[in-house]
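# Breakdown of the fold
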Amino acid sequence: MSGTVTALPDLVALATAGTDNPRADFSDTPVWLSLVKAALVFVYLLVSTLLVIWFERRVIGRMQQRPGPNRNGPFGLLQTLADGMKSMLKEDVRPKAADAFVFTLAPLITATMCFVSFSIMPLAGEVSMFGHTTPFQLTDTPVAVLLVLAVAGVGIYGVVLAGWSSGSTYPLMGGLRSSAQMISYEIAMGLSLVAVFLYAGSMSTSQIVNAQSDLWFVVPAFFSFFVYVITMVGETNRLPFDLAEGEGELTGGFHTEYGSMRFAMFFLGEYINMFTVAALATTMFLGGYQAPPGIAAINGGMFDQGWWGLLWFTAKLWAFMFVFVWLRGSLPRVRYDQFMRFGWKFLIPATLGWVVLVAFFRAGQQGWLGDDVVVAGRSFPVFSLALVGIIAVAALVGGWLWDSRVERKEASLHPRVPEEIDPYAGGHPVPPMPGQRLREPSLAAPALTSASDTKEATRG
Amino acid sequence: MTGTGEEVMFWILGPLAVVGALGLVFARKAVHAALGMAMTMIILGVFYIAQDADFLGVIQIFVYTGAVMMLFLFVLMLVGVDSSDSLVETLTGQRWATAVLALGLGGLLGFSVGHATWGRAAGLAEVNADPGNVSGVAQLIFGRYVWVFETTSALLITAALGAMVLAHRERLGKGPDQKEWSKRRFKEGRHLAGLPAPGVYARHNAVDTPALLPDGTPSELSVSRVLTARDQNRSPELYTEGELQIERDVQEGSER
């Protein structure tokens, strides 16, 4: 085996970089402290969910020029609590045709799986807790980000089984629809994250955050960020992609037959999944718990360590939450076939191409594809510059060809209309097309001179 | 070598995995069987992770439970639980041939695996520390076994393409749209306003109940042909009698 490996020096070079394993150091973390951290993450998520439901209703209310919930507690903050109590006390209804065991199992799967992914999110860097120095994240593995995707894959079972076990048609169709949607968008999501793995050289969240200390990955992997933001909305079944519960077509989708606490579990799962995908976006693209560039420089990085990380992480998380609410407040629902076509025929192939491109850039950075050249005081690999040049030229030529084709098509669709028409030419008054002038009937008035014509124009 | 935590986990999850596997064989409903299998797969993934093979465990859950088993579940739900396969053998003697081939394969595998010799095991802890868990797997896949890996992927892609070619049907011409249907209707001169709607009665309306023609006979055209073929239509008499009852009640009320 060693003979083959030495024949591939690049692989060995990659391996000796040693960024595979997590950077977070859990050696000073006893088991009871892990349990405390698990409880803290759990409470953090529950409180966030209570707040985000209120936040969503208030912000959408403001966008629609109405107050939103404002009766229970200050600013209506306790509204969600009241709703939760109500759903706990409601009668637990199960349809006669439902499969009793699976009908109860499905919401349990959704409500438990959504919490699991948060165990690998770094909420803050090293903090001191009860006399121990420990990273504020429950655990980290070399495959942490894959774990999030795997747990999301298991979480889909909740949706599918809920649809099936209800024993009626609309929930079944809604369940199939939303699981098809989640699976297809998970592919594009996983592909978009590959570029980040290539840049960070690791799939462990602590390594990825650490790799962003110079530059957040949202800049070099901008296209991945773009794809990820779209897929995270598709993955969580949120507007404009909430096709599973298109009221006009499928009533409530997979949870049509659910009520009381069982429904509340689905509701909880949906919101915590939003937090999970937003936290992943924060960690992968926006530097995780690191302070924003300007603030990070103050006083030698005073605000960039310890418990401050929790503040930056939460701020970035809630920025994504606001985007979710903003989208819901402003966009209509898309059509299902268009949505699936967009996912399979644009997002997945485009992201595949992007990943190949990023792989070439990374190879250039490692110096495997030729020498560097110094441009304006910074050194760049020649290969990368050439690649950028080729892509720019190809984009220009492609855009020009595309534009001329569209123009030709437009011209063939709309034959040129004469600039001036006689409205009575066919014996029947015809209004002018847009951009056309009416020719004045010659018998009504003497021909206009050019002087009076311009006068008319300036007056108008 | 096995820690206490690992042992406790094994004795809890091991029996559960067996229960899931038995459920796959003995469950009456196909979906329950699929669920048992999914549970066994997840528990296997957890075992891999417990034995320091993080990448393998997560991929096991991600690919097998999240994708493959989900597709199975999809098919089960779409096909329906009560559908059954025909048990008539189309290829004569295939069972015997299968048994012989399976025995042969088992013999070959047992022979070659039994002959393998192992050197000193490096130990997962050491490998996980130096090249790393993912890099270690990557070095093997893209280094030593690159040709096996690429050949397998080519085989899988060929299989996927073949399935698509066999299952996908291209439409030769353009199907008639709503406009063409309406033109065709007028050309034929029948049912110009479309087919009659199914029955709407004072206390009932449903697609399986035919409408009544002016002379009081039920209209065959107003119900789906499929329901008629399956003999699942209801007689409208029940509801017309109900209507008579209502009329009688109204009559009585007005006379009172």
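Residues numbered from 1 in each chain as written. Chains lettered and ligands numbered in written order. Predicted model: local features only at pLDDT ≥ 70, side-chain atom pairs only at ≥ 80, totals over all residues.

The name that an unreviewed UniProt entry assigns to chain B is NADH-quinone oxidoreductase subunit J, with the source organism given as Phycicoccus sonneratiae. Here is the UniProt Sequence similarities (unreviewed entry) comment for chain B, exactly as written: "Belongs to the complex I subunit 6 family." Turning to chain B, the UniProt record has this under Subcellular location (unreviewed entry): "Cell membrane". (UniProt positions renumbered as here; feature names shortened; annotations may be inferred.)

The name given to chain A in an unreviewed UniProt entry is NADH-quinone oxidoreductase subunit H, and the organism recorded there is Phycicoccus sonneratiae. Within the UniProt record for chain A, the comment given under Subunit (unreviewed entry) is "NDH-1 is composed of 14 different subunits. Subunits NuoA, H, J, K, L, M, N constitute the membrane sector of the complex."

### Points about the overall build of chain B
Summing up its helical and strand segments, chain B has ten helices and two strands in all. Taken over C-alpha atoms, the radius of gyration comes to 32 Å for chain B, far larger than the 18 Å a tight globule of 256 residues would show. Along the first, second and third principal axes, the C-alpha set of chain B runs to 100 × 55 × 40 Å. By residue count, 16% of the 256 residues in chain B fall in the buried class. Taking as baseline every contact in chain B between residues at least 6 positions apart, the subset at least 24 positions apart corresponds to 45%. (Helix = DSSP H or I, 4+ residues; strand = E, 2+ residues; numbered from the N terminus. Rg over C-alpha atoms; globule rule 2.2 N^0.38 Å. Buried ≥ 20, exposed ≤ 12 C-beta atoms within 10 Å, placed from the backbone. Contact = placed C-beta atoms within 7 Å.)

### Some points on the pairing of strand S2 (residues 132-136) of chain A
Residue and element names in this part refer to chain A. As paired strands, strand S1 (residues 124-129) and S2 are joined by five bridges and run antiparallel to one another. Looking across to S2, one finds that Val127 is bridged to Thr134. From the end of S1 to the start of S2, which pair antiparallel, there are two residues, and Phe130 there has a positive phi angle of about 50°. (Pairing = 2+ DSSP bridges.)

### Overview of the domain arrangement of chain B
Split by domain assignment, chain B resolves into domain 1 (1-81), domain 2 (132-166) and domain 3 (195-255). Distance from the C-alpha centre of domain 1 of chain B to the C-alpha centre of domain 2 of chain B: 24 Å. (Domains from an automatic or database assignment.)

### A look at helix H5 (residues 100-116) of chain A
Its 17 residues place the ends of H5 of chain A 26 Å apart at the C-alpha level, agreeing with the 24 Å of an ideal helix rising 1.5 Å per residue. Inspection of H5 of chain A places Val102, Phe103, Ala106, Pro107, Ile109, Thr110, Ala111, Met113 and Cys114 of chain A among the buried residues, and these make up the whole buried set. Structurally, H5 of chain A contributes buried residues whose contacts are with helix H6 (144-165) and helix H11 (260-285) of chain A together with helix H2 (30-50) of chain B. (Expected span 1.5 Å × (residues − 1).)

### A word on the interface of chain A and chain B
Listed per partner, the contact involves 29 residues of chain A and 24 residues of chain B. Elements with a minimum of two residues in the side of chain A that touches chain B: helix H1 (2-6), helix H2 (9-17), H6 and helix H7 (169-200) of chain A. Residue classes in the side of chain A that touches chain B are distributed as 22 nonpolar, six polar and one charged. (Nonpolar A, V, L, I, M, F, W, Y, C, P; charged D, E, K, R; others polar.)

### What about the pairing of strand S4 (residues 378-381) of chain A?
Residues and elements named next belong to chain A. Here strand S3 (residues 372-375) pairs with S4 via four bridges, running antiparallel. Bridge pairing in S4 links Val375 to Arg378. Turn length for the S3-S4 hairpin, with the two strands adjacent in sequence and antiparallel, is two residues, and the turn residue Ala376 shows positive phi of about 55°.

### Brief notes about the confidence of the model for chain A
Residue and element names in this part refer to chain A. Looking at chain A as a whole, the pLDDT averages 84, with 91% of positions reaching at least 70. In this model, residues 1-16 is a region of pLDDT below 50 whose contacts with residues beyond four sequence positions or in other chains number 16 contacts. The model gives residues 451-460 a pLDDT under 50, and that stretch makes one contact with residues more than four places away or in other chains. (pLDDT = per-residue confidence, 0-100.)

### Looking at the nonpolar core
General note: in soluble globular proteins, nonpolar side chains tend to be found buried as a group. Counting residues in hydrophobic clusters, the biggest one holds 107 residues, and the most contacted among them are Leu146, Leu147, Ala150, Val196, Ala278 and Ala281 of chain A together with Ala38 of chain B. Top contributing element to this core by residue count: H6 of chain A, with 17 residues. (Core = buried A, V, L, I, M, F, W, Y, C linked by C-beta atoms within 7 Å.)

### A few points about the domain arrangement of chain A
Residue and element names in this part refer to chain A. The assigned domain composition of chain A is domain 1 (26-366) and domain 2 (373-412). The gap between the C-alpha centroids of domain 1 and domain 2 is 36 Å. Partitioned by chemical class, the residues of the side of domain 1 that touches domain 2 number two nonpolar, two polar and no charged.

### As for the UniProt feature "transmembrane region" (unreviewed entry) in chain B
Summarizing the sequence annotation, UniProt attributes the feature "transmembrane region" (unreviewed entry) to residues 6-26, 33-50, 56-79, 99-118 and 145-167 of chain B in the numbering used throughout. Counted over residues 99-118 of chain B, helix gives 85% and strand 0%. Its end C-alpha atoms are 32 Å apart.

### Considering the confidence of the model for chain B
All names here are of chain B. When the pLDDT values of chain B are averaged, the result is 85; 95% of them are 70 or greater. Mean pLDDT per element in chain B: helix H5 (residues 124-129) is the minimum at 76, and helix H7 (residues 146-167) is the maximum at 93. Both scores are available for the predicted complex, with the pTM at 0.77 and the ipTM at 0.76.

### Re helix H3 (residues 31-63) of chain A
Residues and elements named next belong to chain A. Over its 33 residues, H3 extends 47 Å from the first C-alpha to the last, a length consistent with the 48 Å expected when each residue adds 1.5 Å. By the burial criterion, the buried members of H3 are Lys37, Thr49, Val52, Trp54 and Glu56. The elements touched by buried residues of H3 are helix H4 (79-89), H11 and helix H13 (308-330). In the segment just after H3, Gln65 is the residue with positive phi, at about 60°.

### Focus: unusual backbone geometry
A negative phi angle characterises most non-glycine residues, just as the trans form characterises most peptide bonds. Residue and element names in this part refer to chain A. Phi is positive for Phe75, close to 55°, though the residue is something other than glycine. You can see Phe75 is positioned in the loop between H3 and H4. One non-glycine residue, Asn237, adopts positive backbone phi at about 55°. Here Asn237 is to be found in the loop between helix H9 (222-235) and helix H10 (247-250). Classification of Asn237 by C-beta neighbours within 10 Å gives buried; the count is 23.

### Section: the packing of helix H1 (residues 4-26) of chain B against H2 of chain B
Residues and elements named next belong to chain B. The N-to-C vectors of H1 and H2 enclose an angle of 155°; their axes lie 7 Å apart at closest approach. In terms of orientation, H1 lies roughly antiparallel with respect to H2. As H1 runs across H2, the sense of the crossing is left-handed. On H2, the residues touching Glu6, Met9, Leu13, Leu16, Ala17, Gly20, Ala21, Gly23 and Leu24 of H1 are His32, Ala33, Gly36, Met37, Met39, Thr40, Ile43, Leu44, Val46 and Ala50. Across the contact of H1 with H2, the residue classes tally to 13 nonpolar, five polar and one charged. (Axes fitted to C-alpha atoms, helices over the stretch in contact; angles between N-to-C directions. Parallel < 35°, antiparallel > 145°, perpendicular 65-115°, else oblique. Left-handed = near helix turned anticlockwise from the far one by under 90°.)

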